[in-house]
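# Inside the fold
So you can see what is in the structure, the chains are spelled out below.
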Amino acid sequence: MDIRATACPHDCPSTCALEIEVRDGRIGAVHGAKANSYTAGVICAKVARYAERVHHPDRLTHPLLRTGPKGAGQFRPIGWDEALDRIAEAFQAVAARYGAEAVWPYYYAGTMGLVQRDGINRLRHVMRYSRQANTICTRICEAGWMAGVGRIAGPDPREMADADLIVMWGGNPVNTQVNVMTHITRARKQRGAALVVVDPYRNATAEVADMHLALRPGTDAALAVAVMHIALRDGHVDRDYMRRFSDDPPGLQAHLAARPPPWAAAITGLTVAEIEAFAARYCATERAYIRCGYGFSRTRNGAAALHAVTCLPTLTGKWKHPAGGAFWNHRAIYPWDKTLIEGLDVRSPAVRELDMSRIGAVLTGDRADLGAGPPVHALLIQNTNPLTVAPDSNKVRRGFARQDLFVAVHEQFMTETARWADVVLPATTFVEHDDLYNAGGHSHIQIGPKLIAPPGECRSNHQVGQGLAARLGARHPGFDMTAMQLIDATLKASGWPDAETLLRLRWVDAQESFEASHFLNGFGHDGKFRFAPDWAAIGPHHEGMPRLPDHMGNTDPARPEAPFRLVTAPARQFLNTSFTEMASGRKLEGRPTALIHPADAERLGIEDGTRMRLGNVRGQVVVHARLFDGLQPGVLVVESIWPGTYFEGGIGINALIADDPAPPAGGAVFHDTAVWAQAAEATLAVAAD
Ligand code: SF4
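Please read all numbers here as calculations on a predicted model, not as lab measurements. (Residues numbered from 1 in each chain as written. Predicted model: local features only at pLDDT ≥ 70, side-chain atom pairs only at ≥ 80, totals over all residues. Heavy atoms only, no water.)

## Side note on the nonpolar core
Just so we agree on the cut-off: In plain words, nonpolar cores are sets of buried Ala, Val, Leu, Ile, Met, Phe, Trp, Tyr and Cys residues tied together by side-chain atoms within 4.5 Å. Between buried and exposed lies partly exposed: a residue is buried under 20% and exposed over 50% of the maximum accessible area for its type, with that area taken using a 1.4 Å probe on protein chains only. Labels follow the DSSP assignment, with helices taken as runs of H or I lasting at least four residues and strands as runs of E lasting at least two, numbered in each case from the N terminus. Here a residue-residue contact requires only that any non-hydrogen atoms of the pair lie within 4.5 Å.
Among the nonpolar cores identified, the biggest contains 94 residues, and W169, L223, L379 and F400 are the most heavily contacted of them. Broken down by element, the residue count for this core peaks at 11 residues, all from helix 10 (residues 220-233). When near neighbours in sequence (up to four residues on either side) are disregarded, W169 contacts V198, D220, L223, A224, F278, I290, R291, C292, G293, F296, V309 and L312. Judged by nonpolar contacts, the second largest core, of 29 residues, contains A90, V423, L468 and A469.

## Considerations on helix 20 (residues 393-400)
The line we're drawing: When we speak of the arc, we mean the arc of directions from the helix axis to the C-beta atoms.
For helix 20, every residue scored as buried is listed here: S393, K395, V396, G399 and F400. Here the buried residues of helix 20 occupy an arc of 160° about the axis, which is enough to place them on one side. Buried residues along helix 20 sit in contact with helix 17 (359-363), strand 14 (378-382), helix 19 (386-389), strand 15 (406-411) and helix 21 (416-419).

## Quick word on unusual backbone geometry
Here P663 and P664 are connected by a cis peptide whose omega angle stands at -5°. Locating P664 in the fold gives a position in the loop between strand 24 (635-638) and strand 25 (673-679). Positive phi, close to 55°, is recorded for A40, a residue that is not glycine. By secondary structure assignment, the location of A40 is in the loop between strand 3 (26-32) and helix 1 (45-48). Positioned with a positive phi, A323 is a non-glycine residue whose angle comes to about 60°.

## What to know about the site of the ligand
Put simply, the rule reads: One heavy atom suffices: a residue is near a molecule or strand as soon as one of its heavy atoms comes within 4 Å of it. Residues are grouped as follows: Ala, Val, Leu, Ile, Met, Phe, Trp, Tyr, Cys and Pro are nonpolar; Asp, Glu, Lys and Arg are charged; every other residue, Gly included, is polar.
Residues in close proximity to the ligand include C8, C12, S14, T15, C16, I43, C44, V47 and N179, which together make up its full environment. Residue composition of the shell around the ligand, grouped by class: six nonpolar, three polar and no charged.

## Brief notes about the sheet that holds strand 14
The pairing of strands in a sheet comes from backbone hydrogen bonds and takes either a parallel or an antiparallel form. Which entries qualify depends on this criterion: One bridge is not enough; two strands pair if DSSP finds at least two bridges between them. Here an angle of 0 to 180 degrees is reported between the N-to-C directions of two axes, which are lines fitted to C-alpha atoms, with helices fitted over the stretch in contact.
Strand order across the open sheet formed by six strands is 5-4-16-15-14-6, with mixed pairing between neighbours. The open sheet has two free edges, formed respectively by strand 5 (75-77) and strand 6 (103-107), since each of these has just one partner strand. Going from strand to strand, the sheet's axes swing by 20° on average, the running direction of each strand aside. Here helix 3 (residues 80-98) sits on the sheet in contact with strand 4 (64-66), strand 5, strand 6, strand 14, strand 15 and strand 16 (423-426), set at roughly 130° to strand 16. Here helix 5 (residues 120-127) sits on the sheet in contact with strand 6 and strand 14, set at roughly 160° to strand 6.

## Focus: the environment of S348
Summarising the element assignment, S348 is placed in the loop between helix 16 (339-342) and strand 13 (353-355). For the pair formed by S348 and R586, sequence separation is 238 residues and the distance between their alpha carbons is 44 Å. Sequence-distant contacts of S348, that is, excluding residues within four places in its chain, are made with R128 and R131.

## Topic: the confidence of the model for the protein
This is how it is decided: Note: pLDDT gives the predictor's confidence per residue, expressed from 0 to 100.
Looking at the protein, pLDDT values average 97 and 99% of them are 70 or higher. In the predicted structure, residues 683-689 sits below a pLDDT of 50 and forms six contacts with residues beyond four places in sequence or in another chain.

## Regarding the packing of helix 13 (residues 261-268) against helix 14 (residues 272-283)
Quick reminder of the rule: Each helix crossing is assigned a hand: it is left-handed if the near helix lies turned anticlockwise from the far helix by less than a right angle, otherwise right-handed if that turn is clockwise.
The interhelical angle for the contact between helix 13 and helix 14, taken along N-to-C directions, is 115°, at an axis separation of 8 Å. For the pair helix 13 and helix 14, the sense of crossing is right-handed. In this structure, helix 13 uses P261, P262, A264, A265 and T268 to contact helix 14, whose residues at the interface are V272, I275 and E276.

## Some words on the packing of aromatic side chains
As a reminder, the rule being used: The rule is short: rings of Phe, Tyr and Trp, with Trp giving its six-membered ring, pair when the centres are within 6.5 Å, and they are stacked under 30 degrees, edge-to-face over 60, tilted in between.
For the coordinates displayed, the defined rule picks out 18 aromatic pairs. Their ring planes at 75° and their centres at 5.9 Å tell us that Y50 and F579 sit as a pair that is edge-to-face. Taken together, the residues Y50 in helix 2 (residues 50-54) and F579 in the loop between strand 20 (564-567) and helix 27 (583-589) connect sequence positions 529 residues apart. This pair shows no difference in class: Y50 is buried, exactly as F579 is. An angle of 45° between the planes, with centres 4.9 Å apart, marks the rings of Y241 and F245 as tilted.

Spelled out as structure tokens, the structure:
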């Protein structure tokens, strides 16, 4: 048995350094690399069981052609040549009739590998197919972080181990990036550090925290602003730091005066005592590390909220201290030259860009989304499952049901999106192809080499791109290279060691110096942190954004016809819809379940295990109730993303989610939804009337 080194490709900031047992063309146990200073030998349970996923009997292993109605899941096997010929012919016919922009290659982060994830853009740019605005996950965070900080980087996440206080704001790393807990645990053991979790429900991380602030969804900015008010009131601001490193200290201080704890308590639903206690903890140490999760950004006011949180260490000057400041993502520390991978040399800004979060609106012909271009008549989908994952699932499904839409899906399993395809292509997993990774949640660059042969006829995303390019006449040097050649050339062009060296070293740590990562020489923009962001420069939907850090009251309000605020938080055993195919994970998760406060449950006549129907103007789903006092009355939490097939009616939780673009630059508002809730039988009775 060999132990082979690689990296986890999944849509998770941890990008763990892995060691995988390989024997006779199969993988066995998967371990975290102990020698990697971030992974530190720890990985999540779902990837530790990865052999179950790789060698799963339900893997797609042959190209398939639809034989029944769209969505019926009726296919017959075909050969690769026929499959690629059919896709190329469909794309050529669509482009000839409607223009190249009627073809939309659609992808996201099913793998985070630079070659196998982003290579689809090379085909797009060479063929001048519609571009994609990658809004669904990070766009709101990007906007909020860039608003003040001006550069997507921050203090080394390993510094959490040296903190006296870690604030996990809007995240649940026990479920979503277990390595964060490793470094928090070190701080608690070595320094007696405290962990505070800010999140609408007592998630698995909050369960083990020293303090949990269960605020109403979408009210995080109010909490941050009130803590700033207290810091100012109690003399914990660093005026010299603000003078040197921020844009408008007097303006901010005047603004904060009118936002005392009772103001924030009314908005957040927290008590004044809770806000004061959190502020006291935050102000008591220079070594306060705020780890920003994605959760609190997934609202219409998420960018404003993230900006407000980043103002806290600026007002108090904590950025300059070891283990002080805030962190969201490390994107800016990797200066990639992705010309070969993505075909950036032939990208044209004149080609239309479509918002991936609004795929339902795009496919159903919303002119505001299509702009001056044609309707989309052909899709090539890699690394994502929009029928389940994208907002407003019913609208997305209506789009996929169009008879004049050709859909090719390249996937590992028969996802809901694949079921609606005309041609399905079987895809490799990360142990069956070569790829290159950089981490968002730490600072390592790694290569994940091919470890075993793929099952059946599976091909990598890069191979599919090459096959289509040959048929479509798409010319670019990147199509003539193997994945490893692309990795090697990209590393060299970007100033990193070549592939051979990186494979030997296993990883390169790209962490910037303390001075750079703590912004000791200034922030992005003009060197100054912006309390007053230029929102208009960040995105077109900036109207109504607060001039200074503030609560923005633009969320979907609880109201008589939709009195609950719904959060669709990530489950522990799934990662979006990846891993839902593993029976072991589904067993641990149970079934689609809504957490509901006991007071709400009593009022609605709901008991533990009751079938509940949740709904709003976009749709309805049936889940089972779990009574839970770790959230405020009026809040519901459904951990997911369960495929729609696990819900009565066959449509998943994202049927309830609006596809509104979040201010100022777009992004999906997964945790900003008002719904009604009833015992399912009661609803059925009303419907029968
Ligand atoms: S914690 Fe994240 S990066 Fe690490 S193994 Fe699990 S999914 Fe992969």
